Amino acid sequence: MKGNGRVLKGRCNCGAVSFIVEGDVQGASVCHCSQCRRQSGHTWASAHAPVSAVKISGAPRWYHTSETARRGFCTTCGSFLFWKAHDEDRMSFALGALEAPTGITLEKHIFTADKGDYYEIADGVPQRP
Ligand SMILES: [Zn+2]
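Each residue is numbered by its place in its chain's sequence as written, counting from 1. The predicted origin of the model limits local features to residues at a pLDDT of at least 70 and limits the giving and counting of side-chain atom pairs to 80 or more, whereas totals for whole chains, interfaces and linings rest on all residues. Only heavy atoms go into the side-chain values, all of them from the structure, while hydrogens and water stay out.

A. Quick peek at the sheet that holds strand S1 (residues 7-11). DSSP bridges decide pairing: two strands pair if at least two such bridges lie between them. In this description a helix means any DSSP run of H or I spanning at least four residues, a strand means any run of E spanning at least two, and both kinds are numbered starting from the N terminus. Read from one edge to the other, the open sheet built from three strands follows the order S1-S2-S5, with strand pairing classed as antiparallel. Strands with a single pairing partner mark the edges of an open sheet, and in this sheet they are S1 and strand S5 (54-57). Sheet twist, expressed as the mean angle between neighbouring strand axes with direction ignored, is 15°. Every axis corresponds to a line fitted to the C-alpha atoms, with the helix fit spanning only the stretch in contact, and the corresponding angles, defined between N-to-C directions, vary from 0 to 180 degrees.

Shown next, in the form of structure tokens:
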């Protein structure tokens, strides 16, 4: 997936926040942690790119989930679009917000030890507890 040369376009549900990602996209994953489940309503699928490669239009609100990271969402429609660790120069963006074709394939499920008890992960994609 690295260097797929594609320009990815995404937006929130209402369109007030949109973004373009151009460059080194990596780590397509589905997060099952309780924070992502609460924020999204289920699991959160994302990939990450250098901060400089993610161009955001509009004004997402940044919610500081913890000491270490923040989450960006649209203040109008609530779409959860971005996740950024304070000490990393990469930012994660929601795969569900992207226009197709994305050229992206999920690489892993993460924080599966923290997943909800109401579903099983049965798609054969590698799991990391
Ligand atoms: Zn919106």
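B. Representation of the sheet that holds strand S4 (residues 44-50). Across the sheet, eight strands lie side by side as S6-S7-S8-S9-S4-S3-S10-S11; this open sheet has mixed pairing. Strands at the two margins of the open sheet, each flanked by one partner only, are strand S6 (61-63) and strand S11 (127-128). Judged from the four bridges that link them, strand S3 (residues 26-31) and S4 form a sheet pairing that is antiparallel. When the sheet's bridge partners are listed, glutamine 26 is paired in S4 with histidine 48.

C. Summary view of the coordination of the zinc ion. With water excluded from the atoms, a metal site may look incomplete; its donors are any N, O or S atoms within 2.8 Å, or within 3.2 Å for Na, K and Ca. Within the first shell, the zinc ion binds the protein through Cys12 (SG), Cys14 (SG), Cys74 (SG) and Cys77 (SG), at distances of 2.3 to 2.4 Å. What the four donor atoms of the zinc ion show is an angle range of 105 to 116° at the metal, which sorts the shape as tetrahedral. Donor residues binding the zinc ion come from one chain and are separated in sequence as C-x1-C-x59-C-x2-C. Of this pair, cysteine 14 sits in the loop between S1 and strand S2 (18-22) while cysteine 74 sits in the loop between strand S7 (69-73) and strand S8 (80-85), and the two are 60 residues apart along the sequence. Geometry is assigned from the angles between donors: four donors with all angles from 85 to 135 degrees make a tetrahedral site, four or six donors whose opposite pairs exceed 155 degrees while the rest stay between 65 and 115 make square planar or octahedral sites respectively, and everything else is labelled irregular.

D. Spatial organisation of the pairing of S8. Partly exposed describes any residue whose relative accessible area lies between the buried limit of under 20% and the exposed limit of over 50%, with all areas from a 1.4 Å probe on protein chains only and scaled to the type maximum. Counting buried positions over the six residues of S8 gives five, a clear majority of the element. With five bridges connecting them, S7 and S8 associate as antiparallel partners. Bridging from a neighbouring strand, arginine 71 pairs with tryptophan 83 of S8. The antiparallel hairpin formed by S7 and S8 contains six residues in its connecting segment, where glycine 78 sits at a positive phi of about 85°. Here two bridges tie S8 to strand S9 (residues 90-94), and the two strands are oriented antiparallel to one another. Counted as the bridge partner of tryptophan 83 is serine 92 from S9. Between the antiparallel neighbours S8 and S9 lie four residues.

E. Up close: unusual backbone geometry. Cis geometry is found at the peptide bond from alanine 100 to proline 101, where omega equals 0°. Among the structural elements, proline 101 can be located in the loop between S9 and strand S10 (108-110). Phi is positive for phenylalanine 111, close to 55°, though the residue is something other than glycine. The topology assignment puts phenylalanine 111 in the loop between S10 and S11. The exposure class of phenylalanine 111 is partly exposed, given its relative accessible area of 45%.

F. A look at the pattern of salt bridges. What makes a salt bridge here is a side-chain nitrogen of Lys or Arg within 4 Å of a carboxyl oxygen of Asp or Glu, nothing more. Following the criterion strictly, the structure yields one salt bridge and no others. The closest approach of N and O atoms between arginine 90 and aspartate 24, which form a salt bridge, is 3.3 Å. Of the two residues, arginine 90 is situated in strand S9 and aspartate 24 in the loop between S2 and S3; the sequence distance between them amounts to 66 residues. Of the residues examined, aspartate 24 reaches a relative accessible area of 22% and is grouped as partly exposed.

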